[in-house]
Amino acid sequence: MNLLATTSTVAISCYALLSAVYKSAQAIYAMKDDGQALSDDEPDAGALPSVDVIVPCFNESPQTLSACLESIAKQNYSGKLRVYVVDDGSSNRDAVRPVYDAYARDPRFSIILERKNIGKRKAQITAIRRSRGDLVLNVDSDTMIAADVVTKLALKMLDPSIGAAMGQLTASNRDATWLTRLIDMEYWLACNEERAAQARFGAVMCCCGPCAMYRRSALLSLLDQYETQVFRGKPSDFGEDRHLTILMLQAGFRTEYVPDAIAATVVPDRLGPYLRQQLRWARSTFRDTLLSLHLLPGLGRYLTLDVIGQNLGPLLLALALLTGLSQFAFTATVPWFTVVTIAAMTMVRCCVAAFRARESRFIGFSLHTPINLFLLLPVKAYALCTLSNSDWLSRNSANPADQARERVISLNPIAEANATGISRSGGPIGKGVVTRFVDVDDV
């Protein structure tokens, strides 16, 4: 056996052993813990924490944004609920203006219109600093949440040791293409295997952006770190959800997963946008993994195994694939051991997922393997080599020097006055909408 064949065999054998140990432990810890189930008895409305929902949006389609805001407006939460929608300098503002006008009539809603694009993170911070709720729920503008999501997450957050909690994500456009079907299954596995196992230790490593709730008191203490994050001396403006989760863990708070708080989000239906999304996520994962290494001894042995499995596993798989392809190219021999091992592991994982989800469609997730091998692994390798780079992002941030001079238009300042207790004056109400200019520095 030549050197390439030997290297491929050893690499795939190590990958198979690591995956078997990691995935077995993950499956055990991901099993539902009935002892931690939420009580069906909801406290009185007066005992429930107040919740501020923050929806940053940038060039969102009117239909998608309207569906998102409608799902928030229909929440059956008995406590106090306020909603802050931050338009981050969208170029299609004329198209979405009727949506803003409609929801500005609702006293629970405040619409903040940024003059220029400042980035999702700073758009969130703008609303966080204006809000006053006990809890803050971040919802992406392309996400619809079930009517009981705020209730279920808020009940989970009644435990003061919990700093953040996320719901289960599904693809709202699952039936659009073959890719969206695969992504929907990928989300199920990420939530009900990875996050569910991490939650057994109170250490979900990433409370996903489409639907994540935070304790306001903890959030405020971390806001400056969140806003001024740098990596290798450069400002970081992506991977908001993962970094904020790591900050919560560093501050000593637990982070949790609530599987019955369902949020449906729009996922990429073409390979190009999907790979750009995966590049952003890979950079964020690698970067924040480095920042969280010192936390692992205090989070339990499984979390150490989890980090090793998620980061070393792909490297071993990439090595096995690269040397196997080289063996085929230079010697015209098929690396059968590598091929059979990958195929066998794929089918075992898909069968286990189909059994756990009670859905036979997960057998079809085997089609994700060639995407992972020939597209995602190169993307992850590129991400690892370009951690400080911020290209291929979905939005561009404004020049930081200009941000202090930016102004925002606020719709429905009456709701803000009720929220902050500050008297605010405005112009005459026309069609249920009040507009006013406010300096960002004053917020």
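About the thresholds
- Residues numbered from 1 in each chain as written.
- Predicted model: local features only at pLDDT ≥ 70, side-chain atom pairs only at ≥ 80, totals over all residues.
- Heavy atoms only, no water.
- UniProt positions renumbered as here; feature names shortened; annotations may be inferred.
- Helix = DSSP H or I, 4+ residues; strand = E, 2+ residues; numbered from the N terminus.
- Expected span 1.5 Å × (residues − 1).
- Buried < 20%, exposed > 50% of the residue type's maximum accessible area, 1.4 Å probe, protein only.
- Contact = heavy atoms within 4.5 Å.
- Polar contact = N/O pair within 3.5 Å; in protein donor to acceptor, adjacent residues only side chain to side chain.
- Patch = residues over 30% accessible without salt bridge, like charges linked within 9 Å, V, L, I, M, F, W, Y side chains within 5 Å.
- Areas by Shrake-Rupley, 256 points an atom, 1.4 Å probe, with all protein chains shown as cover.
- Salt bridge = Lys/Arg side-chain N within 4 Å of Asp/Glu carboxyl O.
- Pairing = 2+ DSSP bridges.
- Phe/Tyr/Trp six-rings, centres within 6.5 Å; stacked < 30°, edge-to-face > 60°.

An unreviewed UniProt entry lists the protein chain under the name N-acetylglucosaminyltransferase, with Bradyrhizobium macuxiense as the source organism. Recorded in UniProt for the protein chain, the comment headed Subcellular location (unreviewed entry) runs: "Cell membrane".

**Q** Sorry, what's going on with the UniProt feature "transmembrane region" (unreviewed entry) in the protein chain here?
**A** Following the UniProt record, one finds the feature "transmembrane region" (unreviewed entry) at residues 334-355. Its end C-alpha atoms 33 Å apart, residues 334-355 is made of 91% helix and 0% strand.

**Q** What's the story with helix α1 (residues 3-30) in this structure? I'm lost.
**A** For an α-helix, 3.6 residues make a turn, and residues three or four places apart therefore share a direction. End to end, α1 covers 39 Å across 28 residues, agreeing with the expected 40 Å (1.5 Å per residue, within 8%). Residues of α1 that are buried: A5, S8, A11, I12, Y15, L18, S19, Y22, A25, Q26 and A30. In this fold, the buried residues of α1 make contact with α6 (178-199), α11 (301-331) and α12 (336-357). Taking the backbone nitrogen of L4 as reference, a side-chain oxygen 3.2 Å away marks N2 as the first, capping residue of α1.

**Q** Where do I start with a nonpolar patch on the surface in this structure?
**A** Nonpolar side chains collect at one region of the surface, where F328, V334, W336, V339 and V340 lie side by side and expose about 490 Å² of accessible area between them. The leading source of residues in the nonpolar patch is α12, at 3 residues. Its location among the elements puts F328 in helix α11. Residue class for F328 comes out partly exposed when judged on its relative accessible area of 47%.

**Q** What exactly am I supposed to notice about the pairing of strand β10 (residues 254-265) here?
**A** In summary, the side chains of a regular strand alternate between the two faces of the sheet. Strand direction decides the pairing type here: strand β5 (residues 143-145) and β10, joined by 3 bridges, are antiparallel. Of the residues in β10, the one forming a bridge with M144 is A264. Pairing analysis gives 9 bridges linking strand β6 (residues 162-171) to β10, with the strands arranged parallel. Residue pairing across strands places L169 opposite A263, the latter belonging to β10.

**Q** Sorry if this is basic, but what is going on with the packing of aromatic side chains here?
**A** Geometrically, a pair of aromatic rings is defined through the distance of the ring centres and the angle of the planes. In total, this model carries 6 aromatic pairs according to the counting rule given. Ring plane angle 70 degrees and centroid distance 4.8 Å describe the contact between Y29 and F201, whose orientation is recorded as edge-to-face. Taken together, the positions of Y29 in helix α1 and F201 in the loop between α6 and β7 (211-215) put the pair 172 residues apart, joining distant regions of the chain. Put simply, the rings of Y29, F201 and Y302 pair up and form one aromatic cluster.

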